[in-house]
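Fold and geometry: a report
The lines below spell out each chain.
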Amino acid sequence: MMRPEDWIAPAPPGGGGGLLVTPGGYHIDPSRPVDRAVITHGHADHARAGHGHVLATPETIAIMRSRYGDNAAGHFQALPCGAPLAIGDTRLTLHPAGHILGSAMAVVEHRGCRVAVSGDYKRRRDPTCAPFEPVPCDVFVTEATFGLPVFRHPDDAAEVGKLLASLRLFPERAHLVGVYALGKCQRLIRLLREAGYDRPVWLHGALQALCDLYQAHGVALGPLRPVAEAPDRDTLRGEIVLAPPSAAGDRWLRRLPDPRIAMASGWMRVRARARQRNAELPLVISDHADWDELLQTIADMGAPEVWITHGREEALMHAATAAGYRARALALVGRGDEDEEPDLPATGATDGADA
Ligand SMILES: [Zn+2]
Ligand SMILES: [Zn+2]
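The model shown is predicted, which means the values in this text are computed figures rather than measured ones.

Of regular secondary structure, the protein possesses seven helices and 19 strands. Relative to the globule expectation of 20 Å for 355 residues, the C-alpha radius of gyration of the protein, 20 Å, shows essentially globular dimensions. Summarising its shape, the C-alpha atoms of the protein cover approximately 70 × 45 × 35 Å along the three principal directions.

Given below as structure tokens:
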């Protein structure tokens, strides 16, 4: 009998990278331009520009078009979640991954063997995207961005509560929150709305297009204002301003009156990261599974075999093996600078991760 690694395996960067599905003739999340790509979601370390043919959810296609314009791909084919498609000698189905709008797990079947490639995922509720759906399979391919027992994400409503408490405490200061443009930004705004915050949220120009896209897909974000249209600095006193993380160390910051800097990321659990980002107010809000969610998902998927793509592979491999799974690390190239915004200066090994 054919082993799964005989037909689905990491391709070297020179050969396109990502996972190559040989009997289907396509790569999943390739790191270099290829002829046929299946894309799990719109973050830059998964969705690159320049492929010949891209298959993805309609939302991911909209995100790629918005970010990359006409160079996004030669041809797009939308595949909604839950609709199987025969490609070569494989059957491909996408299932929601709960990571960001449009994010999907690619489930590939070949000769009775089913491999589920999760891309990035999380398990907790996210008002901006469909929840993760466990799928029975023979091999589960998982990320491990937060694959260490120290990473246990707190309740997101409580983290947003810290931001609102700080606004009450420092009503004369603008509150700048560093957020990744795709996913974190819109989720934070929704969490603020759920907490009853109904004032306008002020946006750095780099965040506007994706907020518009989310709203066009039915994610209501409430009143949003471009910072560039604030009549003067004083207008922004006591207001929430969202900007890409890089703006916190940038000239752009001078537009804000006495800014108090917050940063929303799973990495804010690590004090050194918070310092590196100048974050006075670290908010631990992540779009990735934490340690418990990784283990829970491995159990929920029920696959006897687990492949780990990127992140802290060693600890998760050890834990999965101890729990009776066959586990191995794939060491995919091109991940780990995870979901980094293209305009972000690199500041460290895995910093800039959208986490
Ligand atoms: Zn991602
Ligand atoms: Zn990623």
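The subject of this paragraph is the confidence of the model for the protein. Taken as a whole, the protein shows an average pLDDT of 92; of its residues, 94% reach a score of 70 or greater. Contacts from residues 337–353, a stretch scored under 50 in pLDDT, to residues over four places away or in other chains number 41 contacts.

Within the open sheet, the six strands sit side by side as E14-E13-E15-E12-E16-E17. Their pairing is parallel. Edge positions in the sheet fall to strand E14 (224–226) and strand E17 (281–283), since each of these pairs with one other strand and no more. The average undirected angle you get between the axes of adjacent strands in this sheet is 30 degrees. In this structure, strand E13 (residues 201–203) lies alongside strand E15 (residues 240–243), joined through two bridges in parallel fashion. The residue of E15 that forms the bridge with Leu 203 is Leu 242.

With that out of the way, let us pick up the sheet that holds strand E11 (residues 139–144). Across the sheet, seven strands lie side by side as E7-E8-E9-E10-E11-E18-E19; this open sheet has mixed pairing. A single partner strand is all that each edge strand has here, and the edge strands are strand E7 (85–87) and strand E19 (326–329). Ignoring which end each strand starts from, the neighbouring axes of this sheet average 25 degrees apart. Bridge count for strand E18 (residues 305–311) against E19 is four bridges, and the pairing is parallel. Note on E19: the bridge partner recorded for Trp 307 is Arg 328. On top of the sheet, helix H6 (residues 291–301) reaches strand E10 (113–117), E11 and E18; it is set at about 170 degrees to E11, its chief contact.

Attention now moves to the domain arrangement of the protein. Parsing the protein into structural domains produces domain 1 (4–150 + 287–340) and domain 2 (156–285). Look at where the C-alpha atoms of domain 1 and domain 2 centre, and you get two points 29 Å apart. The interface of domain 1 with domain 2 comprises 15 residues on the first partner and 15 residues on the second. Split by residue class, the side of domain 1 that touches domain 2 holds six nonpolar, five polar and four charged.

This part takes up the nonpolar core. Membership of the largest hydrophobic core comes to 100 residues, with the highest contact counts inside it found for Ala 106, Val 177, Leu 188, Val 241, Leu 242, Ala 262 and Met 263. The two domains that each donate at least three residues to this core are domain 1 (4–150 + 287–340) and domain 2 (156–285). Among residues more than four places away in sequence, those in contact with Ala 106 are Ile 28, Val 38, Thr 40, Leu 92, Leu 94 and Val 117.

Before going further, it helps to examine unusual backbone geometry. Backbone geometry at Asp 29 places phi at a positive 50 degrees, although glycine is not the residue there. Positionally, Asp 29 belongs in the loop between strand E3 (26–28) and strand E4 (36–38). On the neighbour-count criterion, Asp 29 (25 C-beta atoms within 10 Å) is buried. In this structure, Asp 258 takes a positive phi of about 45 degrees despite not being glycine. By the secondary structure assignment, Asp 258 is in the loop between E15 and strand E16 (260–264).

So, about the pairing of strand E5 (residues 51–56). Sheet topology places E4 next to E5; three bridges connect them, and they run parallel. Bridging across to E5, Ala 37 finds its partner in Val 54. Sheet topology places E5 next to strand E6 (residues 73–78); five bridges connect them, and they run parallel. By the bridge assignment, Val 54 is partnered in E6 with Phe 76.

All right, on to helix H7 (residues 313–322) then. For the α-helix, the turn length of 3.6 residues means that residues three or four positions removed from each other point alike. Taken together, the buried positions of H7 are Glu 313, Leu 316, Ala 319 and Ala 320. Along the axis of H7, the buried positions cluster into a sector of 140 degrees, meaning they face one direction only. Turned more than 90 degrees off the buried face of H7, the exposed positions are His 318 and Ala 322. If you follow the buried residues of H7, they end up packed against E11, H6, E18 and E19. Directly after H7, the chain includes Gly 324, whose backbone phi takes a positive value near 100 degrees.

Packing of helix H1 (residues 58–68) against helix H4 (residues 208–216) brings their axes to within 11 Å, and their N-to-C directions diverge by 155 degrees. By the angle class used here, H1 and H4 are roughly antiparallel. Our pair here, H1 against H4, has a crossing hand that is right-handed. Packed against H1, whose contacting residues are Ala 62, Ile 63 and Ser 66, the element H4 presents Ala 209, Leu 210 and Leu 213 at the interface. Considered class by class, the residues forming the contact of H1 with H4 number five nonpolar, one polar and no charged.

What counts and what doesn't
- Residues numbered from 1 in each chain as written.
- Chains lettered and ligands numbered in written order.
- Predicted model: local features only at pLDDT ≥ 70, side-chain atom pairs only at ≥ 80, totals over all residues.
- Helix = DSSP H or I, 4+ residues; strand = E, 2+ residues; numbered from the N terminus.
- Rg over C-alpha atoms; globule rule 2.2 N^0.38 Å.
- pLDDT = per-residue confidence, 0-100.
- Contact = placed C-beta atoms within 7 Å.
- Pairing = 2+ DSSP bridges.
- Axes fitted to C-alpha atoms, helices over the stretch in contact; angles between N-to-C directions.
- Domains from an automatic or database assignment.
- Nonpolar A, V, L, I, M, F, W, Y, C, P; charged D, E, K, R; others polar.
- Core = buried A, V, L, I, M, F, W, Y, C linked by C-beta atoms within 7 Å.
- Buried ≥ 20, exposed ≤ 12 C-beta atoms within 10 Å, placed from the backbone.
- Arc of directions from axis to C-beta.
- Parallel < 35°, antiparallel > 145°, perpendicular 65-115°, else oblique.
- Left-handed = near helix turned anticlockwise from the far one by under 90°.

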